[in-house]
Amino acid sequence: MTRAIYPGSFDPFHNGHLDIARRAAGLFDELLVTVFDAPAKQLLFSTDERIELAGEALEDVKNITIVSYSGLTVKWAQRHGIRVIVRGLRNVDDLSFESRIDMANRLMAPQIETCYLLCSTDYVYLSSTILKEVASLDGDVSHWVTPHTEEALRQRFAERKQ
Ligand code: ADP
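About the thresholds
Residues numbered from 1 in each chain as written. Predicted model: local features only at pLDDT ≥ 70, side-chain atom pairs only at ≥ 80, totals over all residues. Heavy atoms only, no water. Helix = DSSP H or I, 4+ residues; strand = E, 2+ residues; numbered from the N terminus. Buried < 20%, exposed > 50% of the residue type's maximum accessible area, 1.4 Å probe, protein only. Contact = heavy atoms within 4.5 Å. Near = heavy atom within 4 Å. Polar contact = N/O pair within 3.5 Å; in protein donor to acceptor, adjacent residues only side chain to side chain. Areas by Shrake-Rupley, 256 points an atom, 1.4 Å probe, with all protein chains shown as cover. 1 Å grid on protein atoms, 1.4 Å probe; cavity = no way out; pocket = protein on both sides within 12 Å on 5 of 7 lines; lining within 4 Å. Sits in = over half its atoms within 2 Å of the grid points. Nonpolar A, V, L, I, M, F, W, Y, C, P; charged D, E, K, R; others polar. Points joined across faces, edges and corners; volume = space filled by probe spheres on them. Pairing = 2+ DSSP bridges. Right-handed = clockwise from strand over helix to strand, strands pointing away. Salt bridge = Lys/Arg side-chain N within 4 Å of Asp/Glu carboxyl O. Expected span 1.5 Å × (residues − 1).

## Some remarks on the side chain of Thr47
(1) Moving on: If you trace the backbone, Thr47 turns up in helix H2 (residues 47-57).
(2) Moving on: You can call Thr47 buried: its relative accessible area is 18%.
(3) Moving on: Not counting residues within four places of it along the chain, the set of residues in contact with Thr47 comprises Val35, Asp37 and Ser68.

The following block contains the structure:
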């Protein structure tokens, strides 16, 4: 049985992430979507909220579980007996960034492989940052997230404007 993790900040989980997670779930017996609890960025949603939003988007995919994690991704994977990390690639900038992480990871955990999936053309320009920027300005994000996440974004930015 091959288990893989798909780590990220997922602030929030969007359709580009959904596409990668669904495709990875078709390749491995079990996929853990692992939500990093303390990324070095300002977060819009708490860890619990990010887990809930990802869980709602993925609720129909049977072999996916969503959990939070902290610390180094490879160390967490090692502790849980997982040998595959899944990452999505949008463009050569992602490839360049990811290859540096991959090399550092290999030094720390040579038995772990990272599997890259090229994102679908529909989401090649999509990032959580762009998504949040458009949502904060009351733009339409319905083609990028589930209706549930769209509502969560609307509420969060409404709270911030109060
Ligand atoms: P990070 O892990 O760098 O904080 P994210 O949480 O946004 O960034 O992304 C998690 C994973 O999803 C990464 O592998 C990233 O490349 C991938 N990803 C981000 N945006 C997209 C997208 N639009 N399409 C496909 N994959 C994406």
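## Some points on the site of the ligand
(1) Moving on: Surveying the vicinity of the ligand reveals 18 residues, the closest of which are Tyr6, Ser9, Lys41, Gly88 and Leu126.
(2) Moving on: The contact in question runs from an oxygen atom of the ligand to an N or O atom on the side chain of Ser9, over 2.5 Å.
(3) Moving on: Separating an oxygen atom of the ligand from a backbone N or O atom of Phe10 is a distance of 3.0 Å.
(4) Moving on: Burial of the ligand by the surrounding chains reaches 89%, relative to a free accessible area of 540 Å².
(5) Moving on: The cavity that encloses the ligand is the largest pocket.
(6) Moving on: Taken together, the elements giving at least two residues each to the shell around the ligand come down to strand E1 (3-8), helix H1 (15-25) and strand E4 (84-89).
(7) Moving on: Its residues assigned to classes, the shell around the ligand comprises seven nonpolar, seven polar and four charged.

## Focus on empty space enclosed by the protein
(1) Moving on: A complete count under the given rule lists one cavity of 30 Å³ or more for this structure.
(2) Moving on: The volume enclosed by the largest cavity comes to roughly 30 Å³.
(3) Moving on: As for the largest cavity, its lining consists of Phe13, His14, Asn15, Leu18, Ala57, Val145 and Thr146.
(4) Moving on: In terms of residue class, the lining of the largest cavity is built from four nonpolar, three polar and no charged.

## Focus on the pairing of strand E5 (residues 113-118)
(1) Moving on: Where E4 and E5 come together, six bridges link them in parallel fashion. Pairing of Val86 across the sheet is with Cys115, part of E5.
(2) Moving on: In terms of handedness, the path from E4 via helix H4 (residues 92-108) over to E5 forms a crossover that is right-handed.

## Let's talk about the pattern of salt bridges
(1) Moving on: On inspection of all chains with the given rule, the structure shows eleven salt bridges.
(2) Moving on: For Arg3, the salt bridge is made with Glu30, and the minimal N-O distance between the two is 3.1 Å. Taken as a pair, Arg3 in strand E1 and Glu30 in strand E2 (residues 30-36) lie far apart in primary sequence, 27 residues in all.
(3) Moving on: The buried category is assigned to Glu30, whose relative accessible area is 18%.
(4) Moving on: Residue Asp94 pairs with Arg90 through a salt bridge whose shortest N-O separation is 2.8 Å.
(5) Moving on: The buried category is assigned to Asp94, whose relative accessible area is 12%.
(6) Moving on: Accessibility expressed as a relative area gives 31% for Arg90, which makes it partly exposed.

## Concerning unusual backbone geometry
(1) Moving on: At the junction of Asp11 and Pro12, the peptide bond is cis and its omega measures out at -5° in the coordinates.
(2) Moving on: Among the secondary structure elements, Pro12 is positioned in the loop between E1 and H1.
(3) Moving on: Look at Phe10: it is not a glycine, yet its phi comes out positive at around 50°.
(4) Moving on: Mapped onto the elements, Phe10 comes out in the loop between E1 and H1.
(5) Moving on: By relative accessible area, which is 3% here, Phe10 ends up buried.

## What to know about H4
(1) Moving on: With 17 residues, H4 ought to run about 24 Å at 1.5 Å a step, and its terminal C-alpha atoms sit 24 Å apart, in line with that.
(2) Moving on: Taken together, the buried residues of H4 touch helix H3 (73-79), E4 and E5.
(3) Moving on: At the N-terminal end of H4, a side-chain oxygen is found 3.0 Å from the backbone nitrogen of Asp93, two or three residues along, and the residue is Asn91.

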